[in-house]
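What follows is each chain in one-letter form.
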Amino acid sequence: MKKISVVVPCYNASGYLEKCIEHLLQQTIGIENMEIILVDDASTDHGATLEIIMRYEQKYPDTIIAVAQQENLRQGGARNTGIFYAGGEYLIFCDADDWLMIQTLEHVYDAACTYDADVVEFRIKNISDHSIEIYEIEKGTESFLTEINTEAERKSFLIHTDEKLSLGSQKKLFRLALLKENHIQFVEHRIFEEPSFMVPVRLFEKKHYFLDEFLYICYRSVGSTVQSDWGEHKWDNPEVWMHLLRDMQARGIFQKYYAEMEYLFWKWGFGLSIKMCLQKGYVLTSAELIFLHSMLQKNFPHVERNRYVKEYENAWDSLMLTLLNLEITDESTGVINQILRKYI
């Protein structure tokens, strides 16, 4: 068994992919201790991305696994495919236009073994110039281990999110058995898919280690999800959270964590969806506001009573609570947009 499986979703990535792969092949953990799963997500660049993937697989047949999907499932679906093929002790994701510091796999694997961690989280460095090279690892002094042994600790861990304990999947190493034994997957055909994966991870992991090192280099390209036009995926974020609620209901654990999921849906499914669209420059319509309001009220009709909402309320949350009590019309929607924009 290899120590680490690296899953790289690839979509029209011919301009960036080789740098990603080369940084993986140079990992100090040793090529013999890793496998790289390159998943072509039905690219439309006339075979350019797939050609690179196949060429590297032919050159490194003992290390690289090439997978070509016939249907575009977006990043979540490509990652699911990678998980299916993975056979390592641990697993990590890396987007095709990003790369890992060459010491990344060694450092995170050592941390996982030292603390018997199910998940090792680390820092990410965002850049806007893909040609840049970074040779020195920035390190902090705030590494720590979180152990989840009781239900009270699980609930507290579930709702806690910050730069050291995030809902993102990119800057983390996962114990593969945790994912496969608990059937943890991403929602497919959506953007903003990561909570559908990370919340179940948080529900089942027992040891989470934060390694205070910048080990993942993230390139903010024009075509990235954050930078590009969202089009028909404008409201994928609340739909991802709806998928997550259905997943928890199917697992029979929704009621057990009702208050925590109510808070997370309120914070990240409802409030964040509105904020992201405004930050993107979209003007919210009355139909969209009614759609979001109805989705929240249908699933959590008494969210204003939630103890976490009350405990962690900030200025934006106060606005969202006020929004719940407003009559939404075409006339009021213009005023609502103006007021909300002052707070983003």
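Residues numbered from 1 in each chain as written. Predicted model: local features only at pLDDT ≥ 70, side-chain atom pairs only at ≥ 80, totals over all residues. Heavy atoms only, no water.

**Some points on helix H9 (residues 258-280)**
Short version of the rule: Strands here are runs of E lasting at least two residues and helices are runs of H or I lasting at least four, both read from the DSSP assignment and numbered beginning at the N terminus. By this rule, a helix spans an expected 1.5 Å times one less than how many residues it contains. Bend at a given residue is defined as the angle between two axes, one fitted to the seven residues that end at that position and one fitted to the seven that begin there.
Here H9 contains 23 residues, and its C-alpha end-to-end distance of 31 Å stays within 8% of the 33 Å for a straight helix at 1.5 Å per residue. By the largest-angle criterion, Leu272 marks the main kink of H9, which is about 40 degrees. Remark: Gly281 follows H9 within two positions and exhibits a positive phi of approximately 100 degrees.

**Some thoughts on the side chain of Ser166**
The criterion, for reference: Only protein chains enter the accessibility calculation, which uses a 1.4 Å probe. A residue is then buried if its area is under 20% of the maximum for its type, exposed if over 50%, and partly exposed in between. N or O atoms within 3.5 Å of each other form a polar contact, as long as, within protein, one can give a hydrogen and the other can take it, and as long as residues adjacent in sequence are counted only when both atoms are side-chain atoms. Any two residues having at least one pair of non-hydrogen atoms within 4.5 Å are treated as being in contact.
Relative to the helices and strands, Ser166 resides in the loop between helix H5 (151-159) and strand E8 (172-175). Residue classification places Ser166 among the buried positions, given a relative accessible area of 13%. Within the local environment of Ser166, its side chain forms a polar contact with the backbone nitrogen of Gly168, the two atoms lying 3.3 Å apart. Other than its neighbours up to four places away in sequence, Ser166 contacts Glu121, Lys171, Lys172, Met198 and Arg202.

**A word on the pairing of strand E4 (residues 90-93)**
Our working rule: When DSSP finds two or more bridges between a pair of strands, those strands are recorded as paired.
Along E4, one buried face is formed by Tyr90 and Ile92 and the opposite face, lined by Leu91 and Phe93, is buried too. Relative to E4, strand E1 (residues 4-10) runs parallel, the two being bridged by four bridges. Bridge pairing in E4 links Val6 to Ile92. With three bridges connecting them, E4 and E8 associate as antiparallel partners. Bridged to Ile92 within E8 is Leu173.

**Points about the packing of aromatic side chains**
Put simply, the rule is: Here is the rule: rings of Phe, Tyr and Trp (six-membered ring for Trp) pair when centre to centre is within 6.5 Å. Planes less than 30 degrees apart are stacked, more than 60 are edge-to-face, and the remainder are tilted. Our definition puts a charge over a ring when NZ of Lys or CZ of Arg is within 6 Å of the ring centre and also within 35 degrees of the ring normal.
Inspection of the entire model under this criterion finds 20 aromatic pairs. Geometrically, the ring pair formed by Tyr56 and Tyr60 is stacked, given 6.4 Å between the ring centres and 15 degrees between the ring planes. What links up through ring pairs into an aromatic cluster is the set Phe93, Phe174, Phe186 and Phe197. Across the ring face of Trp99, the terminal group of Lys19 is positioned such that the distance to the ring centre comes to 3.8 Å.

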